[in-house]
Amino acid sequence: MAKQMTAEERLVWMTETPVEKLVCKLAVPTIISMLVSSFYNMADTFFLGQTDDSVIATGAVGVVFPLMAIIQAIGFFFGHGCSNYISRKLGSRERDLAETMASTGFFTAIIIGFVLMALGLIFLEPLAWALGSTELILPKAMEYMRLILIGSPYMIGALVLNNQLRFQGSAFFSMIGITSGAVLNIVLDPILIFIFDMGVTGAALATIVSQFVSFVLLLVGLYRSDAINIKFRNFKPSLYFYKEIVAGGSPSLCRQGIASIATICLNFAAKPYGEVAIAAMAVVSRISMFANSTIIGFGQGFQPVCGFNYGAGLTKRVLRAFWFCVKFAFVFLLIAGVLGIIFAPRLVDTFGNGPEVGKIAAAALRFQCVALPLNSFIVLSNMLLQTIRKPVRASILAVSRQGLIFIPLVIVLPLILGITGLEMCQMISDIFTFMLAVVIQIPVLKELGREKATV
C-alpha cells in the first residue's frame, strides 16, 4: 500500500482487499505500537524495582496506576468515540461530517484534560489516599502523581490522535508516534532514576516527557499522512456529535474506568498483606498487560476494517475478519499462557523487589495464564460491538472483566481464601466474562450473518 492515497482509493482498498491480508497489514504497526507501549508501561516498575526502596517505589507506581487508567479512559473515550464515527462516515462517503467530528473530539478531549489536571493537583493528597496508598507509600505516590497530572492533557490528546490515525487506516504513522515516545521513556528511565538519582520523580518525568514527544509526533503524522487534519474552525460542539462520541466511546470509558476502580479495590484488598502484596500485584498487572497488548494490537488492526466495511454494508467481510482475528488470538494466547505458567518465577524475578514479592506475583501470574486464551473472544467481541455501534452490549462486556465480575470477587475471595483468593480473582473473572461474552455476542453475529452483504 502506498503511504498516500486519495479518499476514494482508500475506500476501495479497505472494502475490496481480502480481509485476512488487510487485517494483518493494519495490525502489524498496531501490534508493534502496543508491544513497545507495554515495555514502556513496565519500564517504571522494572527500573524502580532495582532501587534501594524498591517495594515502596513499586507500590507507589501501583497506587498511581488507577489514575493513569482514568487518563487513558478519557483518551480512549474521545479517541474511539470520534474515530468509530469517522471510519463509518468515510465508508459511506460522508467526509464533511468526518472532518467536523475529528476536530470536535480532539479539542474537547484537550479541554477535559486540563480540567482533570487542575482538580487532581488541588486534591493531590486526598486522591492518593483514595487510590489505596498506605502511610509508607504516600510520599512517593504523591511525587509520582503530581507529574503525571501535569502531563495528562497531552497524554489524552495523544490517545485521540493515535486512534484517529488508526481508524483511517494510517496505522504506520500511529506506530511511529507511539513507539518513539515509548522508546524514549525506556531510555530516560534509567538515566533519571539512577544517574540523576531522582527515583520515583525521575520515573514520572520520563513518562510525561515521552508522552509529550508522542503527542507531537502523532500530530505531525496526522498532517503528513492522508488522514483528516485537525482544524480549529472545524471544532463545532453540538449534541449530535457528543451523542455519537458517547455511543462509540462509552465502552472504552467503561472498560478503562472500571479498570481503574478495580485496581483501587485490588490495592485495598492487598493492604492487609502489606506493601509487599501491593507491589506484587503491580508487577503481575504489567506482565499480563504485555500478553494482552498483542491481541489488543491485532484487534486494533481489525477495527478500521470493521468500521469501513460495516459503513459500506459489507457485513460478511466484517464477520470473516472477526473470526480470523479470534482464531489467531486464541492460538497466540494459548502459547503465551503455557509459557507464562512455566516461566512465571523467572518473569517476576526480572522486576526485582525480593523473594516475598516474587512468591505472591508468580502464583497470581500462573492463575491468570490459565484463563488467558479466553481473552481472544472477549477482546475481539468488545471491539466488534463497539465499532458497529452496539454501545449497550459493548459497555456491559467492557465493564465485566474488571468490573461487574472482578470487583465483587476481589472483595469476597480474599476474605474466604486469604492471599490465594487475591491471586485467583482475575482468572475466575476471565472465565465468567467469557461466558457472558458468548451470550452477548452470538445474537449479534447471527444478525450480521442474516444481513444481505457482498463478500
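Just above sits the structure.
Residues numbered from 1 in each chain as written. Predicted model: local features only at pLDDT ≥ 70, side-chain atom pairs only at ≥ 80, totals over all residues. Heavy atoms only, no water.

**Topic: the packing of helix α3 (residues 54–91) against helix α10 (residues 239–270)**
Running from N to C, α3 and α10 cross one another at 160 degrees; their axes reach a closest spacing of 7 Å. In terms of orientation, α3 and α10 fall into the roughly antiparallel class. Between α3 and α10 the crossing geometry is right-handed. Among the residues making up the contact of α3 with α10, the classes are represented as 19 nonpolar, 14 polar and 4 charged. (Axes fitted to C-alpha atoms, helices over the stretch in contact; angles between N-to-C directions. Helix = DSSP H or I, 4+ residues; strand = E, 2+ residues; numbered from the N terminus. Parallel < 35°, antiparallel > 145°, perpendicular 65-115°, else oblique. Left-handed = near helix turned anticlockwise from the far one by under 90°. Nonpolar A, V, L, I, M, F, W, Y, C, P; charged D, E, K, R; others polar.)

**Overview of the side chain of serine 250**
As for its placement among the helices and strands, serine 250 is situated in helix α10. Among the residues examined, serine 250 registers a relative accessible area of 14% and is labelled buried. Within polar-contact distance, the side chain of serine 250 engages the backbone oxygen of valine 246 at 2.7 Å. (Buried < 20%, exposed > 50% of the residue type's maximum accessible area, 1.4 Å probe, protein only. Polar contact = N/O pair within 3.5 Å; in protein donor to acceptor, adjacent residues only side chain to side chain.)

**Side note on the layout of surface pockets**
The volume enclosed by the largest pocket comes to roughly 500 Å³. Lining the largest pocket are 23 residues, with Met42, Ile287, Phe290, Ala291 and Leu347 sitting closest to its centre. Only α2 (19–48), α11 (275–311), α12 (315–349) and α13 (355–371) provide two or more residues apiece to the lining of the largest pocket. Considering each element in turn, the lining of the largest pocket owes the most residues, 6 residues, to α12. Residue classes in the lining of the largest pocket are distributed as 18 nonpolar, 5 polar and no charged. (1 Å grid on protein atoms, 1.4 Å probe; cavity = no way out; pocket = protein on both sides within 12 Å on 5 of 7 lines; lining within 4 Å. Points joined across faces, edges and corners; volume = space filled by probe spheres on them.)

**Thoughts on unusual backbone geometry**
Comment: phi is negative for the bulk of residues other than glycine, and the bulk of peptide bonds are trans. The phi dihedral of aspartate 197 is positive, around 55 degrees, even though this residue is not glycine. Examined against the element boundaries, aspartate 197 turns out to sit in the loop between α8 (171–195) and α9 (199–224). Phi at arginine 389 takes a positive value of approximately 65 degrees, unusual for a residue other than glycine. If you trace the backbone, arginine 389 turns up in the loop between α14 (375–387) and α15 (391–404).

**Here we look at the packing of aromatic side chains**
Applying the stated rule across the entire model yields 19 aromatic pairs. Both rings, one in phenylalanine 47 and one in phenylalanine 194, keep their centres 6.3 Å apart while their planes meet at 70 degrees; by these two values the pair is edge-to-face. Taken together, the positions of phenylalanine 47 in helix α2 and phenylalanine 194 in helix α8 put the pair 147 residues apart, joining distant regions of the chain. When its relative accessible area of 38% is taken as the criterion, phenylalanine 194 is described as partly exposed. With 6.2 Å between their ring centres and 70 degrees between their planes, phenylalanine 322 and phenylalanine 377 make a pair best called edge-to-face. (Phe/Tyr/Trp six-rings, centres within 6.5 Å; stacked < 30°, edge-to-face > 60°.)

**Quick word on helix α16 (residues 406–417)**
Residues lying three or four places apart along an α-helix face the same way, a consequence of the helix completing one turn every 3.6 residues. Taking 1.5 Å of rise per residue, the 12 residues of α16 would be expected to cover 16 Å, and the 16 Å separating its terminal C-alpha atoms lies within 8% of that figure. The complete set of buried residues in α16 reads Phe406, Ile407, Leu409, Val410, Leu413 and Pro414. Down the axis, α16 shows its buried residues gathered within 155 degrees of arc, on one side only. Across from the buried face of α16, at angles greater than 90 degrees, the exposed residues are Leu415 and Ile416. Looking one or two residues beyond α16, the residue adopting positive phi is glycine 418, at roughly 70 degrees. (Expected span 1.5 Å × (residues − 1). Arc of directions from axis to C-beta.)

Geometric descriptors of this kind do not, in isolation, establish any biological role.
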